[in-house]
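An overview of the molecular structure
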Amino acid sequence: MVRRFTLITVALTAIVGFLVGAIFAGGFTRPAVSAGAPAPRTDSARTAATPAPSALNPGVNFADVVERINPSVVNIDATTRGRESRRRRGRIGAPDTPEPPDTPFDFGGPRFDRGLESPHRGAGSGFIIDADGSILTNNHVIDRAERITVKLSDGRTLRARVIGADPDTDIALIKVDGQTGLPVAPLGDSSTLRMGEWVCAIGNPLGYEHSVTVGVVSFLGRKLFDKSLDNYIQTDAAINFGNSGGPLINSRGEVIGINAAISSRATSIGFAVPINGASAILPQLRAKGRVQRGYIGVGLREVDPELERSLKLNVSRGALVQDVTAGSPADRAGIRAYDIIVALDGEPIASDDELIREISARAPGSAAKLKVVRDGRDQAVVVKLAERPPREAGEVRGEPPAQPPDRAKSDLDALLGLNVREIDRQTADRLELPKPTKGILITRVEPMSPSFDSGIERGTVLLEINRQQVDSVLEYRRIVRASQPGDVLTLYLYAPDLEQRQIKTVRVDDR
């Protein structure tokens, strides 16, 4: 009995000693504290409460930024009559009829003809850029509005008028008259933005006024609608219907973008127009109410390594001409397909996007001196700019009926993945091909083939391969059969639905 008592005593002593040692060593978590009793702060608790800046804690106090900028953000109510409306894609604005599920980008305002004559109201956002009431917003927010009402942060509701609008970049300038001393949003420099930089969006999504969301710059220079002018900032800061026209702000409290579009197929994928683009056209919007852009009338594409290799080019940068509009300034100046524009007024041109931006920024009627590489030789060409025509969606014409697979050409399909046939008069008339058009019609593009990967579409006319004219199926077979697996071929095409010529590169399948 004594021995058993002794053993129990030793065991209890050991357990108590272990518990005491563990407590002093910090080996147990502090028990939960009652709701009414504050837990004592330790050094470790203090560190956890104020973590170092990281991906989840950027170390940016947007509360201070929002406090300064929020008074300059306004709610815009645009009212239109319910007459015939155009279906539009891409921009965000009023909560309205949702887009069909296959529409890649959403934007508000009237989109479907409802056959109604009752007024339609759309909501959006904007921000004040000068103390007497000038406000920047999106064009789609106020497009065709017959009455525009602006609600200021102090609760006042004022009527506004349109000063100018530019549908091509979706920017509009409106104004409330008779005001002074209004809070102003400072404009920043969007050219200094970097991917991963923290930004903040302020607006009126779904009528929730002055809502604030924070995210990062996800991508710069995104193309959505007009590949020649688009230069969108992509962000994961939450943007919703009604945010259109509101500011996208950097951590210094400067506006670096105008929120304009969202993806309807994803969450937290939004887009903003860079503020530098808006600042560049503001003088024209104030003075003329619209924007005039320079235009030379060429279709361009970038010079990439495969194109350089296929055409044996002696330049690796520049803008390759793939189409010249008949009667355009470029046509009158003698610009041709396959010309490579490498400089403008003595300044190097690195890409087709850069050339388009530089030409568009110039006034119609001015002269542009181009340095062109043609067949390996430099040439100087002076072009007198015209005014860029309004952007219009190309009419989609009927495609030729599907053709049964031609088993005799299976070897060609394995190389490029194309089925082709001659163009008869009936097909030329149906596609409204310009005369004369010599080429062959692509009737099928095999899925997962090299041509499919290059973006070639059924119904396109093949004009040339590696600058050799292709006016018959026989000539097509001869050229393709002479190629080797792994070769890169340059195809010169005419797309009837776009009324444009295109240059595509296709790598011969080596399977």
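Preceding this section is the structure that the text describes.
Here the structure is a predicted model, which is why all the values come from computation and not from measurement.

1. Some remarks on the overall build of the protein
Along the backbone of the protein there are 12 helices and 27 strands. Taking the intrachain contacts of the protein between residues at least 6 apart in sequence as the baseline, contacts between residues at least 24 apart amount to 62%. Carbon and sulfur atoms provide 53% of the accessible area of the protein, an area that totals close to 26,500 Å².

2. Details of helix 8 (residues 352-360)
Every buried residue of helix 8 is listed here: Asp 352, Leu 355, Ile 356, Ile 359 and Ser 360. On an axial view of helix 8, the arc spanned by its buried residues comes to 125 degrees, and they lie on one face. Those residues of helix 8 that are buried are in contact with strand 14 (294-295), strand 15 (298-302), strand 16 (319-324), strand 17 (340-344) and strand 19 (367-374).

3. With respect to the pattern of salt bridges
Using the criterion set out here, one finds 20 salt bridges in the structure. Between Asp 143 and Arg 144 there is a salt bridge whose closest N-O contact spans 3.9 Å. Judged by its relative accessible area of 17%, Asp 143 falls in the buried class. The shortest N-O distance in the salt bridge between Arg 478 and Glu 475 comes to 2.6 Å. Linking Arg 478 with Glu 475, this pair stays in helix 12 (residues 473-481), spanning three residues, or about one helical turn. Take Arg 478: its relative accessible area is 45%, and that puts it in the partly exposed class. The partly exposed category is assigned to Glu 475, whose relative accessible area is 22%. Here the salt bridges share partners, and the residues they tie into one network are Arg 161, Lys 175 and Asp 177.

4. Description of the environment of Ala 201
By the secondary structure assignment, Ala 201 is in strand 8 (residues 198-203). What makes Ala 201 buried here is its relative accessible area of 0%. Sequence-wise, Ala 201 and Gly 215 are 14 residues apart; in three dimensions their C-alpha atoms are separated by 8.3 Å. Other than its neighbours up to four places away in sequence, Ala 201 contacts Ser 211, Val 212, Thr 213, Pro 247, Leu 248 and Asn 259.

5. Concerning the packing of aromatic side chains
In the structure shown here, the tally under the stated rule is two aromatic pairs. Seen in terms of ring centroids, Tyr 232 and Phe 271 are 6.5 Å apart; in terms of plane orientation they differ by 75 degrees. Their pairing is edge-to-face. On the criterion of sequence distance, the pair formed by Tyr 232 in strand 10 (residues 232-235) and Phe 271 in strand 13 (residues 270-274) is long-range, its members being 39 residues apart. For the residue pair Tyr 232 and Phe 271, the accessibility class agrees, reading buried in each case. Between Tyr 338 and Tyr 492 the ring centres are 5.3 Å apart and the planes differ by 50 degrees, which places this aromatic pair in the tilted class. Taken together, the residues Tyr 338 in the loop between helix 7 (329-333) and strand 17 and Tyr 492 in strand 26 (residues 488-495) connect sequence positions 154 residues apart. Judged by relative accessible area, Tyr 492 falls into the buried class, the value being 7%. The residue whose ring lies beneath Arg 222 is Phe 219, and the NZ or CZ to ring-centre distance is 3.6 Å. Across from the ring centre of Tyr 338, 4.1 Å away, lies the NZ or CZ of Arg 467, which sits over that ring.

6. A closer look at the pairing of strand 12 (residues 255-263)
The buried fraction of strand 12 is high, at nine of nine residues. Counting the residues that bridge the hairpin from strand 11 (residues 247-250) to strand 12 gives four residues, and of these Gly 253 lies at a positive phi of roughly 80 degrees. Here strand 12 pairs with strand 13 via five bridges, running antiparallel. Within strand 13, the residue paired with Asn 259 across the bridge is Ala 272. Counted between consecutive antiparallel strands, the loop separating strand 12 from strand 13 contains six residues, among which Ser 268 sits at a positive phi close to 60 degrees.

Cut-offs and rules
Residues numbered from 1 in each chain as written. Predicted model: local features only at pLDDT ≥ 70, side-chain atom pairs only at ≥ 80, totals over all residues. Heavy atoms only, no water. Helix = DSSP H or I, 4+ residues; strand = E, 2+ residues; numbered from the N terminus. Contact = heavy atoms within 4.5 Å. Areas by Shrake-Rupley, 256 points an atom, 1.4 Å probe, with all protein chains shown as cover. Buried < 20%, exposed > 50% of the residue type's maximum accessible area, 1.4 Å probe, protein only. Arc of directions from axis to C-beta. Salt bridge = Lys/Arg side-chain N within 4 Å of Asp/Glu carboxyl O. Phe/Tyr/Trp six-rings, centres within 6.5 Å; stacked < 30°, edge-to-face > 60°. Lys NZ or Arg CZ within 6 Å of the ring centre and 35° of its normal. Pairing = 2+ DSSP bridges.

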